[in-house]
Amino acid sequence: MAMHENLLGGPPPTHLPDDPEPRALLAAGTAPAEVAAKYPASSLAWAQLADDAFAEGRTVESYAYARTGYHRGLDALRRSGWRGQGPIPFEHEPNRGFLRALHALARAAQAIGEQEEYERCTRFLRDSSPTAADTLS
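Just so you know, these numbers come straight off a predicted model, no measurement behind them. (Residues numbered from 1 in each chain as written. Predicted model: local features only at pLDDT ≥ 70, side-chain atom pairs only at ≥ 80, totals over all residues. Heavy atoms only, no water.)

Undergrad: How should the packing of aromatic side chains be read in this particular structure?
TA: The relative placement of two aromatic rings is captured by the distance of their centres and the angle of their planes. Evaluated as defined, the whole model comprises five aromatic pairs. Taken together, a centroid distance of 6.0 Å and an interplanar angle of 25 degrees make the contact between Tyr70 and Phe98 stacked. Taken together, the positions of Tyr70 in helix 4 (residues 59–79) and Phe98 in helix 5 (residues 96–111) put the pair 28 residues apart, joining distant regions of the chain. Across the pair, Phe98 and Tyr70 agree in class, each one buried. Look at Tyr70 and Phe124: their rings are 6.3 Å apart centre to centre, the planes differ by 85 degrees, and that puts the pair in the edge-to-face class. Taken together, the positions of Tyr70 in helix 4 and Phe124 in helix 6 (residues 115–128) put the pair 54 residues apart, joining distant regions of the chain. Like Phe124, Tyr70 is buried. An aromatic cluster is present here, built from Tyr70, Trp82, Phe98 and Phe124 joined pairwise through their rings. Taking NZ or CZ as reference, Arg96 lies 4.4 Å from the ring centre of Phe90, over its face. Directly above the aromatic system of Phe54 lies the positively charged group of Arg107, at a separation of 4.3 Å from the ring centroid. (Phe/Tyr/Trp six-rings, centres within 6.5 Å; stacked < 30°, edge-to-face > 60°. Helix = DSSP H or I, 4+ residues; strand = E, 2+ residues; numbered from the N terminus. Buried < 20%, exposed > 50% of the residue type's maximum accessible area, 1.4 Å probe, protein only. Lys NZ or Arg CZ within 6 Å of the ring centre and 35° of its normal.)

Structural data, given as structure tokens:
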């Protein structure tokens, strides 16, 4: 049985296309703001900005960065055939930027008292990828 095979006949997993340039720049130590400016569609760059801002206590900025990464990721998912439900495997590295942004949005929402959004994003993350929910928490 293949990993993530849906035995109930639900939607297949969505695998975003690889976008190695932003990942390589971030791995090489390029500032996330520079990467986001060069690759504004990269959820990974926005997720890194959100993580950095949160670590520095800039919660509202983290929320804004995470929301941008989340929406950029939704756009990419839809272009890849996602229809609002189904697995988004963390094991597929190009999906990680979106999943990290979703996690960061939940974390920042909780920190600013947006309980409904925190719960919605937490549930969405777990439904999309239990591995991401466990790994990022």
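Undergrad: How should the nonpolar core be read in this particular structure?
TA: If you look at soluble globular proteins, the nonpolar side chains tend to sit buried side by side. Core analysis: the largest hydrophobic core is formed by 24 residues, its most contacted members being Phe98 and Phe124. For this core, the elements supplying multiple residues, two or more each, are helix 4, helix 5, helix 6 and helix 7 (130–136). Setting aside residues no more than four positions away along its own chain, Phe98 makes contact with Ser43, Tyr70, Gly73, Leu74, Leu77, Ile88 and Phe124. Judged by nonpolar contacts, the second largest core, of seven residues, contains Leu26, Ala36, Leu44 and Ala45. (Core = buried A, V, L, I, M, F, W, Y, C linked by side-chain atoms within 4.5 Å. Contact = heavy atoms within 4.5 Å.)

Undergrad: Can you help me understand the environment of Leu136 in this one?
TA: Looking at where Leu136 falls in the secondary structure, it is placed in helix 7. C-alpha separation for the pair Leu136 and Pro87, spaced 49 residues apart in sequence, amounts to 16 Å. Contact partners of Leu136, with chain neighbours within four places excluded, come to Phe90, Leu99, Arg100 and His103.

Undergrad: Looking at this structure, how should I read the layout of surface pockets?
TA: Over the atoms rolls a probe the size of a water molecule, and its path tells where empty space is left. Its boundaries defined by the atoms lining it, the largest pocket holds a volume of some 370 Å³. Forming the walls of the largest pocket are 20 residues, and the residues nearest its centre are Leu16, Pro17, Asp19, Ser43 and Pro94. Secondary structure elements with two or more residues in the lining of the largest pocket: helix 1 (20–27), helix 3 (43–55), helix 4 and helix 5. Here the residues of the lining of the largest pocket are counted per class, giving eight nonpolar, five polar and seven charged. (1 Å grid on protein atoms, 1.4 Å probe; cavity = no way out; pocket = protein on both sides within 12 Å on 5 of 7 lines; lining within 4 Å. Points joined across faces, edges and corners; volume = space filled by probe spheres on them. Nonpolar A, V, L, I, M, F, W, Y, C, P; charged D, E, K, R; others polar.)

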